Amino acid sequence: MQSEDARYLKRKVKGGSLDVHPTEKALVVQYEVEATILGETGDEMLGDRKKCQKIIRLKSLNTNTDVAALARKVVEECKLIHPSKLSEVEQLLFYLQNRKKASGKAEKRVVKPRDLTPFEGMEIDEEANINKVEEYVELLYEGMEEKVKGATLILHLARNPVNLEELLENETALGALARVLREDWKQSVELATTIIYVFFCFSSFSQFHGLVTHYKIGALCMNVMEHELKRYDLWQDELQKKTRTYILHFRKEHEKAFKKYQGLLVKQEQLLRVALYLLLNLAEDTRTELKMRNKNIVHMLVKTLDRENEELLVLVVSFLKKLSIFLENKNDMVREGRLSRLVPCEHEDLLNITLRLLLNLSFDTGLRIKMVQVGLLPKLTSLLGDENHKQMAMCILYHISVDDRFKSMFAYTDCIPQLMKMLFEHGEERIDAELISFCINLAANKKNAQLICEGNGLKMLMKRALKLKDPLLMKMIRNISQHDGPPKHLFIDYVGDLAAQITPDENEEYVIECLGTLANLTIADLDWELVLKEYNLVPYFKDRLKPDDQHGSAEDDLILEVVIMIGTVSMDDSCAAMLAKSGIIPAIIELLNAQQEDDEFVCQIVYVFYQMVFHQATREVIIKETQAPAYLIDLMHDKNAEIRKVCDNTLDIIAVISLRGVSSCNPSLSEGYPPVTPVSLRGYPPVTPSLSEGILL
């Protein structure tokens, strides 16, 4: 077909279906465009059809909107909707008006590229037309004002996703835009912002990332950012000099200079936002992200944290959060005070994304230390009362509480009263893993334990733990019980309740914590003989001490707690006699033989021997009827210092008894050899799955 044969173009638009937008308050209109080229005689020479859609955003729609009036307005203004569909439009608007959020939780706002607000310079009287792209490209070869106009018109087209594929095919337009950006970005902030925004619209869709990379727009954006940050430093220096000069004598001149600075800053931050959004989109590809890191993107982002523009800061912190999952990037983010000033802040999205970044960083021990040094701990504690942010704040505080150096610092905040309130508000529901894990860590500090027990704190915890048979809550109670002083003596009232839980029918994890709590109660006035008899615990102990190849790790933990419990009750002479009669000592020797490779078992069993050699009934059995002395002599050369220490003390006692025939009632015998109770590494909870996944948030 010769081009001169074509005389007429016939364009026909067919209306299609209507539907609501899946996430936004908007209607989606589907339609079809049919274009036909006619010859001189009116015959069809060429035809094509294209399916399109138009999104009608309804920003004014709310619960008080008159749906019928709005439906009439939509039909009148949108020629793609036939008047006969008025009732359908009204029904769809009514649905949008009453549509609820998918989740009862606070909505997490995701900042999308198209959420960028129009900036100064985007407003234009002329309506952009996809058929006039060539005219807009010609403007890019004119003066600066025409270049801005041409780029702005193309931007208006690019903001509609329907036009992107057609623009993609126009290599001349895209090549001209890339060339103008490369040559003139330093001369006009408006021009640079507008052209980057055009490519930014393409970067919103991963299938167009190759196009953006082809024109090296990402590298240009990095150059733009570096240059603008240097300009910002120069502006700051200049403003400070003018401030010192004008403030005393020329107030009007100072105000004029400051106003000019503010205007420049607004335009620069618009440019930085668009450039950073584009880079964030391209960073979906880890190879591209690595290139950005090599060009010092982390340093530039951290430097931008000094700005006051909250929308820009949301973007910067979002970018840092994405980068923080890699070790190298995380190490580059160490800048004291940069993030701490954003916690707390009034901007909900900024606070939320900042907390998520801090959570990622809090997995690093060194960065946790820095968080405490810059004063984040009381700030995070204050967020525990905020429903929208308490979960994130609690996860970060949990990580901080893992370090023993910082546990005591929580006592000087209002953290513990808030946590206790949260615990009791759960009623009979299962306590959140983050909350109870945090409480378990804090209870391992003596000062915190005292605060937890204030008032009826311990009473309420015991009541709940015994009622719900909650092993994690009992672990928290167990940690409280390990501290000497007032908290430990409060447990005397609950010895019977705890002992009653130690039965074969109870949950094993729960029994382990109950046993551990009782084993911590090294109280002189406690009648352990009465407890053992009333709750028939000796047969339970003896039965559990039998080594079994089928025992798993949980069973081993239970056996270990039984051994520790025997060590505690063996301080009492009458209990020692009861244990000797029961035949439990040979069972302990047999267990030592079976668990000789486990240092913790060995250490605790030797400690039991240490306690038992003070009593006539058990001493005779250990020395004369078992191989315990031989084991102790061998263990004097063990690589574990704790084991060597307890062995030395035990053998010293045996030696003194053998030489002097000292009776068990001689108080001076035990005074020179204070018992060493090994710290169990199994007393601390592992990081819960929901916390360990925070690195991917």
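Residues numbered from 1 in each chain as written. Predicted model: local features only at pLDDT ≥ 70, side-chain atom pairs only at ≥ 80, totals over all residues. Heavy atoms only, no water.

Looking at the overall build of the protein
Assigned secondary structure in the protein consists of 38 helices and three strands. For the protein, buried positions account for 48% of its 697 residues. Of the contacts formed within the protein by residues at least 6 apart in sequence, a portion of 70% connects residues at least 24 apart. (Helix = DSSP H or I, 4+ residues; strand = E, 2+ residues; numbered from the N terminus. Buried < 20%, exposed > 50% of the residue type's maximum accessible area, 1.4 Å probe, protein only. Contact = heavy atoms within 4.5 Å.)

Brief notes about a positive patch on the surface
A surface patch of like charges, here positive, comprises R182, K216, K291 and K295. Along the chain, K216 falls in the loop between α8 (209-214) and α9 (217-249). Here K216 falls in the exposed class, since its relative accessible area comes to 58%. (Patch = residues over 30% accessible without salt bridge, like charges linked within 9 Å, V, L, I, M, F, W, Y side chains within 5 Å. Areas by Shrake-Rupley, 256 points an atom, 1.4 Å probe, with all protein chains shown as cover. Salt bridge = Lys/Arg side-chain N within 4 Å of Asp/Glu carboxyl O. Lys, Arg positive; Asp, Glu negative; His and termini not counted. Charge placed at Lys NZ, Arg CZ, Asp CG, Glu CD.)

With respect to the pattern of salt bridges
One pass over the full model with this rule turns up 25 salt bridges. D484 serves as the salt-bridge partner of K488, at 3.0 Å between the closest nitrogen and oxygen. Classification of K488 as buried rests on a relative accessible area of 5%. In this structure, the salt-bridge partner of R544 is D543, at a minimum N-O distance of 2.8 Å. In this structure R544 comes out as buried when scored by relative accessible area, which is 14%. Judged by relative accessible area, D543 falls into the partly exposed class, the value being 40%. By sharing partners, the salt bridges in this structure join K475, R478, E513 and E561 into a single network.

Some points on the packing of helix α13 (residues 310-323) against helix α15 (residues 348-361)
Packing of α13 against α15 leaves a shortest axis separation of 9 Å and a crossing angle of 20 degrees. Taken together, the axis directions place α13 and α15 in an arrangement best described as roughly parallel. Between α13 and α15 the crossing geometry is left-handed. Here E310, L313, V314, V317, S318, L320 and K321 of α13 come into contact with α15, specifically with D349, L350, I353, T354, R356, L357 and N360. (Axes fitted to C-alpha atoms, helices over the stretch in contact; angles between N-to-C directions. Parallel < 35°, antiparallel > 145°, perpendicular 65-115°, else oblique. Left-handed = near helix turned anticlockwise from the far one by under 90°.)

Observations concerning the packing of aromatic side chains
Two aromatic rings are characterised by how far apart their centres lie and by the angle between their planes. The final tally for this structure, using the stated rule, is nine aromatic pairs. One aromatic cluster is present, formed by Y197, F200 and Y277 through successive ring pairs. In this structure, R307 is placed above the aromatic ring of Y232, and the distance from its NZ or CZ to the ring centre is 3.7 Å. (Phe/Tyr/Trp six-rings, centres within 6.5 Å; stacked < 30°, edge-to-face > 60°. Lys NZ or Arg CZ within 6 Å of the ring centre and 35° of its normal.)

Thoughts on the environment of D432
By the secondary structure assignment, D432 is in the loop between α20 (415-425) and α21 (433-443). Considering only alpha carbons, one finds D432 and Q391, 41 residues apart in sequence, at a separation of 9.9 Å.

Here's the deal with a negative patch on the surface
A cluster of acidic residues, E134, E135, E138, E142, E145 and E146, forms a negative patch at the surface. Secondary-structure elements contributing two or more residues to the negative patch are α3 (133-139) and α4 (144-158). Per-element accounting of the negative patch gives the leading share, three residues, to α3.

Concerning the side chain of D470
Considering the arrangement of structural elements, one finds D470 in the loop between α23 (457-468) and α24 (471-481). Of the side chains with opposite charge, R464 comes closest to the buried, unpaired D470, at an N-O distance of 5.3 Å. Polar contacts involving the side chain of D470 include one to the main-chain amide nitrogen of L472, which spans 3.0 Å. Ignoring any residue separated from it by four or fewer positions in sequence, one finds D470 in contact with I431, A465 and Y510. (Polar contact = N/O pair within 3.5 Å; in protein donor to acceptor, adjacent residues only side chain to side chain.)

A look at the confidence of the model for the protein
When pLDDT is averaged across the protein, the result is 84; 85% of the residues are at 70 or more. Here residues 549-553 scores under 50 on pLDDT; set against residues more than four positions off or in separate chains, the count is three contacts. Within the model, pLDDT remains below 50 along residues 662-697, and this stretch shows 75 contacts once partners closer than five positions in the same chain are excluded. (pLDDT = per-residue confidence, 0-100.)

A look at helix α16 (residues 365-373)
Taken together, the buried positions of α16 are occupied by L367, R368, M371 and V372. Taken down its axis, α16 places every buried residue within 145 degrees of arc, on the same side. Considering only its buried residues, α16 is in contact with α14 (327-332), α15, α17 (376-382), α18 (390-401) and α19 (404-407). Of the residues that open α16, the one with a side-chain oxygen 3.0 Å from the backbone nitrogen of G366 is D364. Remark: G375 follows α16 within two positions and exhibits a positive phi of approximately 85 degrees. (Arc of directions from axis to C-beta.)

Quick notes on unusual backbone geometry
In this structure, the amide linkage connecting V343 to the following residue, P344, adopts the cis form with an omega of -10 degrees. Summarising the element assignment, P344 is placed in the loop between α14 and α15. The phi angle at K216 is positive, at roughly 55 degrees, despite the residue not being glycine.

Regarding the environment of I653
Tracing the chain through its elements places I653 in helix α36 (residues 641-660). The buried category is assigned to I653, whose relative accessible area is 0%. In this structure the C-alpha to C-alpha distance between I653 and F614, which are 39 residues apart in sequence, comes to 7.9 Å.

Describing the environment of E138
Position of E138 among the secondary structure elements: in helix α3. We classify E138 as exposed; its relative accessible area is 53%. Expressed as a C-alpha distance, the spacing of E138 and A176, which sit 38 residues apart in the sequence, is 9.1 Å.

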